Amino acid sequence: MLLMLSLTSCYRERTAARLHDVAVVDTQLVVDDTLAIALTRQQQDSLTFARTHHYSENFNFVVRADSMSLIRQEPEEWINGMIIDSFVVKRGVPMVVADIRFLANDPVDSVWIQLATEDYQFGWVHESDMLRQVDPDDPISQFISTFSDSHIIVSLAVFVLIAIAYLLRKHWRRNNKIVHFNDIPSFYPTALALNVASSATFYASIQMFAPDKWREFYFHPSLNPFSQPLLLGLFLASVWLMLILAIASADEALRYLHFEGAVAYLLNLGAVCALCYIVFSIFTLYYIGYPLLIFYFWWAIRKRKL
């Protein structure tokens, strides 16, 4: 508990992450309904862009794709079909937003972003192209991006199904302990699986019904539930609860089983939790996850009573 409290307390709040506390009214910046600061037109546009796009100048990105192409010339030259030169930025290279330009006559994307690399190369790219190929330069954002990738989810689903089938076949033959079926006399493993299912459903619900809040969290993440809006705070609290229940489940497994049996049981529990994450995070997008979650709670609790 002390370790988890220390992890949440070490959060350093970024200035850009507090844009929800300010508002642009006419030509003034209003902070917490008390302080008003006069703004130029350029400053107004910059703040409006930061609020709607969740990043602005001096924001740090890192290339997620294998490579990304940037043009050296001005965007107007590309629009007018002039000869341009480009260079390629490799995967994993950090970049910073140097400038943002709006071109209404661009048929592809009216927003152009100028990026600067660590070796002082400057290049322009459409915002839509950039966002498909970069992640914010934050480990939490990169973790979210990785586990939101459809290819990763499909591969993980296939692996988890094979692992569960193998473990169930092996354990039933030996009459070993299996979560939800031949379970140990502790509610913690069941609570962990139910919490993972609930968190996955909540995660998908936020993406569906509050995508702007989730996008803000993606660009400005934190492990501290008290630094986020209510919905995101509840989701982060469920993630911390997941860690607590995982530790409790491991402790209970080692208490009731010998070491080899406990390891096998925890592997089975991990596979079940992974399957819960995949099923409920995907099915909730089609509204099937909500009745499925109710049924899962009823079935799991009923199995514990039996």
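Relevant structure appears above.
Rules of the game
Residues numbered from 1 in each chain as written. Predicted model: local features only at pLDDT ≥ 70, side-chain atom pairs only at ≥ 80, totals over all residues. Heavy atoms only, no water. Core = buried A, V, L, I, M, F, W, Y, C linked by side-chain atoms within 4.5 Å. Buried < 20%, exposed > 50% of the residue type's maximum accessible area, 1.4 Å probe, protein only. Helix = DSSP H or I, 4+ residues; strand = E, 2+ residues; numbered from the N terminus. Contact = heavy atoms within 4.5 Å. Salt bridge = Lys/Arg side-chain N within 4 Å of Asp/Glu carboxyl O. Pairing = 2+ DSSP bridges. Polar contact = N/O pair within 3.5 Å; in protein donor to acceptor, adjacent residues only side chain to side chain. Axes fitted to C-alpha atoms, helices over the stretch in contact; angles between N-to-C directions. Left-handed = near helix turned anticlockwise from the far one by under 90°. Nonpolar A, V, L, I, M, F, W, Y, C, P; charged D, E, K, R; others polar. Patch = residues over 30% accessible without salt bridge, like charges linked within 9 Å, V, L, I, M, F, W, Y side chains within 5 Å. Areas by Shrake-Rupley, 256 points an atom, 1.4 Å probe, with all protein chains shown as cover. Expected span 1.5 Å × (residues − 1). Arc of directions from axis to C-beta.

Asker: What should I look at first to understand the nonpolar core in this one?
Answerer: Nonpolar side chains in soluble globular proteins generally cluster together in the buried interior. Formed by 30 residues in total, the largest nonpolar core has its most connected members in Tyr55, Ile113 and Leu115. Looking at this core, the elements that each hand over two or more residues are β4 (60–63), β5 (67–71), β6 (86–90), β7 (94–102), β8 (111–117), α7 (188–209), α8 (211–219) and α9 (230–256). When residues of this core are assigned to their parent elements, the largest contribution, 4 residues, is made by α8. In contact with isoleucine 113, not counting residues within four places along its chain, are Phe49, Tyr55, Val97, Asp99, Ile100, Gly123, Trp124, Val125, Glu127 and Met130. By size, the runner-up hydrophobic cluster in this structure holds 22 residues, among which are Leu194, Phe280, Leu293 and Tyr296.

Asker: Help me out: how do you make sense of the pattern of salt bridges in this one?
Answerer: Summed over the entire model, instances satisfying the criterion amount to 8 salt bridges. Close ionic contact of aspartate 85 with arginine 72 constitutes a salt bridge, the shortest N to O distance being 3.3 Å. Here aspartate 85, found in the loop between α3 (75–79) and β6, pairs with arginine 72, found in the loop between β5 and α3; they are 13 residues apart in sequence, far enough to count as distant. Among the salt bridges present, the one from glutamate 74 reaches arginine 101, with a minimum N-O distance of 2.7 Å. Taken together, the positions of glutamate 74 in the loop between β5 and α3 and arginine 101 in strand β7 put the pair 27 residues apart, joining distant regions of the chain. A single network of salt bridges, built from pairs that share partners, joins Glu74, Glu76 and Arg101.

Asker: When you look at unusual backbone geometry in this model, what are you seeing that I'm missing?
Answerer: Leaving glycine out, the prevailing phi sign among residues is negative, and the prevailing peptide bond configuration is trans. A positive phi angle, close to 80 degrees, is found at histidine 180, a residue other than glycine. One can find histidine 180 in the loop between α6 (150–174) and α7. For histidine 180, a relative accessible area of 7% corresponds to the buried category.

Asker: Is there a simple way to think about the pairing of β6 in this case?
Answerer: The two faces of the sheet receive side chains in turn, since in a regular strand these alternate between them. The alternating pattern of β6 places Phe87 and Val89 on a buried face, while none of Ser86, Val88 and Lys90, on the opposite face, is buried. Direction of pairing for β5 relative to β6: antiparallel, over a ladder of 5 bridges. In the sheet register, methionine 68 faces β6, and the bridge partner there is valine 89.

Asker: Looking at this structure, how should I read the environment of glutamine 133?
Answerer: Examined against the element boundaries, glutamine 133 turns out to sit in helix α4 (residues 127–133). Put simply, glutamine 133 and aspartate 66 are 67 residues apart on the chain and 8.4 Å apart in space, counted from C-alpha to C-alpha. Beyond its immediate sequence surroundings of up to four residues, glutamine 133 is in contact with Val62, Val63, Arg64, Ala65, Ser67 and Met68. For glutamine 133, the side chain forms a polar contact with the main-chain oxygen of aspartate 129, separated by 2.9 Å.

Asker: Could you clarify how one ought to interpret the packing of α9 against helix α10 (residues 259–283) in this entry?
Answerer: Two quantities define a packed helix pair, namely the angle between the axes and the distance from one axis to the other. Where α9 contacts α10, the two axes come as close as 8 Å, and the packing angle between them is 145 degrees. Along this stretch, α9 crosses α10, giving a crossing that reads as right-handed. Contacts between α9 and α10 involve Ser249, Ala250, Ala253 and Leu254 on the former and, on the latter, Phe259, Ala262, Tyr265, Leu266 and Leu269. Across the contact of α9 with α10, the residue classes tally to 8 nonpolar, 1 polar and no charged.

Asker: Whenever I open this one, a nonpolar patch on the surface confuses me. Can you help?
Answerer: On the surface, Leu254, Phe259, Val263 and Leu267 cluster together into a nonpolar patch covering about 410 Å² of accessible area. It is α10 that contributes the most residues to the nonpolar patch, 3 residues altogether. By the secondary structure assignment, valine 263 is in helix α10. Look at valine 263 and you get partly exposed, because its relative accessible area is 34%.

Asker: Would you mind going over the pairing of strand β9 (residues 122–126) with me for this structure?
Answerer: Within β9, 4 of the 5 residues are buried, leaving the element largely enclosed by the surrounding structure. In this structure, the hairpin formed by β8 and β9 is closed by a connection of 4 residues, where tyrosine 120 is found at a positive phi of approximately 65 degrees.

Asker: Teacher, can you tell me more about helix α11 (residues 289–305) here?
Answerer: Residue pairs three or four apart in sequence face the same way in an α-helix, which turns once every 3.6 residues. Its 17 residues place the ends of α11 24 Å apart at the C-alpha level, agreeing with the 24 Å of an ideal helix rising 1.5 Å per residue. Within α11 the residues assigned to the buried category are Gly289, Leu293, Tyr296 and Ala300. Looking down the long axis of α11, one finds its buried residues gathered within 60 degrees of arc, a one-sided arrangement. The exposed set on the far side of α11, more than 90 degrees from its buried face, consists of Ile294, Trp298 and Lys305. Lining the buried residues of α11 we find α7 and α10.

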